[in-house]
Amino acid sequence: MSHDARIVDAPSGAPQRFLPPISDAGEPFWDATRSTRLVIQWCRTCEQAIHFPREACPGCLGEDLEFRPGSEVGTVYAATMIPISANPTMAGRGPYVIVLVDLPEGVRLMSSVVGPGALEVAVGDEVRVAWEPLDDGRHLLVFVRE
Ligand SMILES: [Zn+2]
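Residues numbered from 1 in each chain as written. Predicted model: local features only at pLDDT ≥ 70, side-chain atom pairs only at ≥ 80, totals over all residues. Heavy atoms only, no water.

(A) The nonpolar core, seen in detail. Counting 29 residues, the largest nonpolar core has Leu38, Ile40, Val99, Leu103, Val113, Val121 and Val127 as its most contacted members. Mapped onto this core, the elements with two or more residues apiece are α1 (27-33), β1 (39-43), β5 (96-102), β6 (108-113), β7 (126-133) and β8 (139-145). Looking at this core, the element that brings in the most residues is β8, giving five residues. Mapped onto the domain boundaries, this core takes at least three residues apiece from domain 1 (21-70) and domain 2 (71-146). Residues in contact with Val99, not counting those within four places in the same chain, are Val76, Ala78, Ala79, Leu109, Met110, Ser111, Ser112, Val113 and Val121. (Core = buried A, V, L, I, M, F, W, Y, C linked by side-chain atoms within 4.5 Å. Buried < 20%, exposed > 50% of the residue type's maximum accessible area, 1.4 Å probe, protein only. Helix = DSSP H or I, 4+ residues; strand = E, 2+ residues; numbered from the N terminus. Domains from an automatic or database assignment. Contact = heavy atoms within 4.5 Å.)

(B) Inspection of the sheet that holds strand β2 (residues 48-50) at higher detail. Spatially, β2-β1-β3 is the arrangement adopted by the three strands of the open sheet, whose pairing is antiparallel. This sheet does not close on itself; its edge strands, each paired only once, are β2 and β3 (65-69). With strand direction ignored, the average angle separating the axes of adjacent strands in the sheet is 45°. Bridge analysis of β1 against β3 gives five bridges, and the strand direction is antiparallel. Paired with Val39 across the strands is Pro69, a residue of β3. (Pairing = 2+ DSSP bridges. Axes fitted to C-alpha atoms, helices over the stretch in contact; angles between N-to-C directions.)

(C) Highlighting the pairing of β1. Taken across its five residues, β1 has five buried, putting it largely inside the fold. Summarising the sheet, β1 and β2 pair through three bridges and their orientation is antiparallel. The partner of Gln41 across the bridge, within β2, is Ile50. What sits between the antiparallel neighbours β1 and β2 is a turn of four residues, in which Glu47 has the positive phi angle 50°.

What follows is the structure, given as structure tokens:
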């Protein structure tokens, strides 16, 4: 691995995470996660970042899209703590935090903050991209506190 990716392991005993389905538009995003790289889709016509990946730009409907490296640090826009999940694939992970994180590119991602201090994360905090391995070789984008 040629870059400084942070890898976080699932809590011991936690079941395998649900494997996110891969849309045609999202395939480059998921391929990049195999080498723990964040890429963000951009519209080359109106120079707008797009997330989640789509077939056409939501701003200008242009289809001249490409993927560029994404920022590794974002700002928490919203956070909520889930004490106990009813979802069986989240057993052993509670309590956990779901966040909306704004990246400097202008996109907002839904994810989770994990690791030390995760439950105390607050709106406005800076968080850093980290990766949790999935069973199929991809990695799940999560965040850790700075
Ligand atoms: Zn556009």
